[in-house]
Amino acid sequence: MCGRTACSLGADNLRRACAYRDRRGRRREPEWIQAERYQPSYNKGPQTRGPVLLSRRHLQQDADSSERVLMEMRWGLIPSWFKKDDPSKMQFNTSNCRSDTMLKKSSYKGALLKGKRCVVLADGFYEWQQQSGGKQPYFIYFPQTKDAAAKGKEGDEEWKGWRLLTMAGIFDCWEPPAGGEALYTYTIITVDASKDVSFIHHRQCWALTLTVLSPRMPAILDGDEAIRKWLDFAEVPTQEAVKLIQPTENVIFHPVSTFVNSVRNNTPECLTPIELGAKKEVKATPSSKMMLGWLKNSQEGSPQKKENDLPKWTSQFIHNPSPKKNSVDILQQWLGKEGEPPAKKHKA
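Note that residues are indexed from 1 along each chain, following the sequence as it is written. Local features are withheld for residues below a pLDDT of 70 in this predicted model, meaning they are given only at 70 or higher, and side-chain atom pairs are given and counted only at 80 or more; totals for whole chains, interfaces and linings count all residues. Only hydrogens and water are set aside when side-chain values are computed; all heavy atoms of the structure are taken into account.

Within an unreviewed UniProt entry, the label attached to the protein reads Abasic site processing protein HMCES, and the organism entered is Centropus unirufus.

Asker: Even after reading the chapter, I still don't get empty space enclosed by the protein, so can you show me in this structure?
Answerer: Empty pockets left among the atoms are what a rolling probe the size of a water molecule brings to light. With a 1 Å grid laid over protein atoms only, a set of points is called a cavity when a 1.4 Å probe fits there but cannot get out and a pocket when it is open yet has protein on both sides within 12 Å along at least five of seven lines; lining residues have an atom within 4 Å of a point. Grid points are joined across faces, edges and corners, and a volume is the space filled by probe spheres set on the points. Counted under the stated rule, the structure contains one cavity of 30 Å³ or more. Estimated volume of the largest cavity: approximately 30 Å³. Any residue outside Ala, Val, Leu, Ile, Met, Phe, Trp, Tyr, Cys, Pro, Asp, Glu, Lys and Arg is labelled polar, Gly included; the first ten of those are nonpolar and the last four are charged. For the lining of the largest cavity, the per-class residue count stands at one nonpolar, two polar and three charged.

Asker: I tried to follow the nonpolar core on my own but got confused; where do I start?
Answerer: A general feature of soluble globular proteins is that nonpolar side chains tend to end up buried together. Joining through side-chain atoms within 4.5 Å is the link that ties buried Ala, Val, Leu, Ile, Met, Phe, Trp, Tyr and Cys residues into a set, and such a set is a nonpolar core. Here's how the labels work: a residue is buried when its accessible area is under 20% of the maximum for its type, exposed when over 50%, partly exposed in between, all with a 1.4 Å probe on protein chains only. One finds Leu14, Ile170, Tyr186 and Trp230 to be the most contacted residues of the largest nonpolar core, which totals 62 residues. Helix and strand labels come from DSSP, where a helix needs a run of H or I of at least four residues and a strand needs a run of E of at least two; each type is numbered from the N terminus. The biggest single contributor to this core is strand β12 (residues 165–174), with six residues. Contacts are assigned to residue pairs that have any heavy atoms within 4.5 Å of one another. When neighbours within four sequence positions are excluded, Tyr186 is seen to be in contact with Gly50, Val52, Met73, Arg74, Trp75, Gly76, Leu77, Thr94, Cys118, Val120, Ile170 and Phe171. Grouped together as the second largest cluster of nonpolar side chains are 11 residues, Trp162, Ile252, Val256 and Val260 included.

Asker: Sorry if this is basic, but what is going on with the packing of aromatic side chains here?
Answerer: The relative placement of two aromatic rings is captured by the distance of their centres and the angle of their planes. Each Phe, Tyr or Trp ring (for Trp, its six-membered ring) is paired with any other whose centre lies within 6.5 Å, and the angle between the two planes then decides the class: stacked below 30 degrees, edge-to-face above 60, tilted in between. Per the counting criterion, the structure on display carries nine aromatic pairs. Ring centres of Trp75 and Tyr186 lie 6.3 Å apart, and the angle between their planes is 10°; this geometry places the pair in the stacked category. Placement of the pair is Trp75 in strand β7 (residues 68–75) and Tyr186 in strand β13 (residues 183–192), with a sequence separation of 111 residues. For Trp75, a relative accessible area of 0% translates into the label buried.

Asker: What should I look at first to understand the sheet that holds strand β17 (residues 252–255) in this one?
Answerer: Strands pair in a sheet through their backbones, by hydrogen bonds, and they do so in one of two ways: parallel or antiparallel. Only when DSSP finds a minimum of two bridges between them are two strands counted as paired. Judged by pairing direction, the sheet is antiparallel, and its five strands sit side by side in the order β5-β1-β10-β11-β17 without closing on themselves. Sheet topology places β5 (41–44) and β17 at the edges, where each strand pairs with a single neighbour. In this sheet, neighbouring strand axes are inclined to one another by 30° on average, regardless of whether the strands run parallel or antiparallel. By the bridge criterion, four bridges tie strand β11 (residues 134–141) to β17 in an arrangement that is antiparallel. By the bridge assignment, Phe139 is partnered in β17 with His254. Only the stretch in contact is used when a helix axis is fitted, and all axes are lines through C-alpha atoms; the angle between N-to-C directions ranges over 0 to 180 degrees.

Asker: Hey, could you run me through the pattern of salt bridges in this one?
Answerer: If charged atoms from side chains of opposite charge come close, those side chains can pair. The rule for a salt bridge is simple: a side-chain nitrogen of Lys or Arg has to be within 4 Å of a carboxyl oxygen of Asp or Glu. In the structure shown here, the tally under the stated rule is 22 salt bridges. One salt bridge in this structure joins Asp22 and Arg26, with 2.8 Å as the shortest N-O distance. When the shortest N-O distance is used, the salt bridge between Arg28 and Glu67 registers 3.4 Å. Here the residue Arg28 occupies a position in strand β3 (residues 27–28), and Glu67 occupies one in the loop between β6 (49–55) and β7, the gap between them amounting to 39 residues. Within this structure, Asp22, Arg26, Arg28, Glu31, Arg56 and Glu67 form a network of salt bridges that share partners.

Asker: Which parts of the structure should I look at to understand the side chain of Ser66?
Answerer: Counting through the fold element by element, Ser66 comes out in the loop between β6 and β7. Its relative accessible area of 14% is what places Ser66 among the buried residues. In protein, a polar contact requires one atom able to donate a hydrogen and another able to accept it; more generally it is a pair of N or O atoms within 3.5 Å, and residues adjacent in sequence count only if both atoms are side-chain atoms. For Ser66, the side chain forms a polar contact with the side chain of Arg23, separated by 3.3 Å. Residues within four places of Ser66 in sequence aside, it is in contact with Tyr20, Arg23 and Asp232.

Asker: Whenever I open this one, helix α2 (residues 106–113) confuses me. Can you help?
Answerer: In an α-helix, one turn spans 3.6 residues; hence positions three or four apart end up facing the same way. For α2, the set of buried residues is Ser107, Tyr108, Ala111 and Leu112. Down the axis of α2, the buried side of the element spans an arc of 100°, and every buried residue falls inside it. In this structure, the buried residues of α2 make contact with β8 (96–98), β9 (117–122), β12, β13, α4 (224–231) and α5 (238–241). Looking one or two residues beyond α2, the residue adopting positive phi is Gly115, at roughly 80°. The arc in question is the one traced by the directions running from the helix axis out to the C-beta atoms.

Asker: Before we go on, may I ask you to explain unusual backbone geometry in this structure?
Answerer: Of all residues except glycine, most have a negative phi; of all peptide bonds, most are trans. Of note, Gln34 is a non-glycine position whose phi angle comes to about 55°, a positive value. Even without a glycine there, the phi angle at Gln47 is positive, about 80°. Structurally, Gln47 can be placed in the loop between β5 and β6.

Asker: Would you mind going over the environment of Tyr20 with me for this structure?
Answerer: Mapped onto the secondary structure, Tyr20 falls in strand β2 (residues 20–21). According to the relative accessible area criterion, Tyr20 is buried, its value standing at 2%. In this structure the side chain of Tyr20 is engaged in a polar contact, spanning 3.1 Å, whose partner is the backbone nitrogen of Arg68.

Below, the structure written as structure tokens:
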């Protein structure tokens, strides 16, 4: 399942990172709808608000269905037919939606058949592994390119920043029975976990063997063609779009501190790599204090870093999927943690 994510880019850079090519091959950036509501976070849980991509036609009937907009929605789908006056009275957990039942359950079926498909954006997501000494969190994300830490030139047109993880979602719009502002909410579709991610769920730790039936992971859309088909509900019917919902092996992960366990903690330490078998908590070295101090000083009242100070990587929306090599080194440079250990990746 997917119960915690991170999305730390500021609003402007998030829009730049979502650049795409339209039907004519022109480079476009999605328009933000109420960007002022967006709050970056290193530790985002259900019931909080997060950024999603969707077709503009959902908001404007005469718009080109391939045109994209960015919008913040609440995590945890409230179906449009929900009759109570308070969405918190929803009795079921709708933060995740299983791919094998999404066309059967009433909470999701209606919205999905109406084409209410979205892409949930994140730096990556967290998953916990049960071990003999407790639960060990991991951060899971797309591989990054070798030149990802290189500074881009001033005035670069294309985004060369962190490659966002793009997860398939379903959204809906609920209107209070007594009137008032409409509430947009979403759920993240989950699939059977890939072999590498299953490693987090299945592991023999000394005398403890953990068995989890059918571990799940988010349905990840890898590349702009998959994103285009998922979002363009007018051109790609539901039965065709759901074929995109498959597990992917194109992710990597590394262990992080149990600092992330509390959703109240919202700093770069949440996703900083740690060394297992030594000290699970982030070790405050002089260099890490200096770099984390830089990160904190560059925040403007939120976890986001200054737009001009962000490191530069290649956009996933326009370029091909990136290689897995050196991705954790890139993250470490981003966080100022060049001395941390490499990612732990399971070998089959």
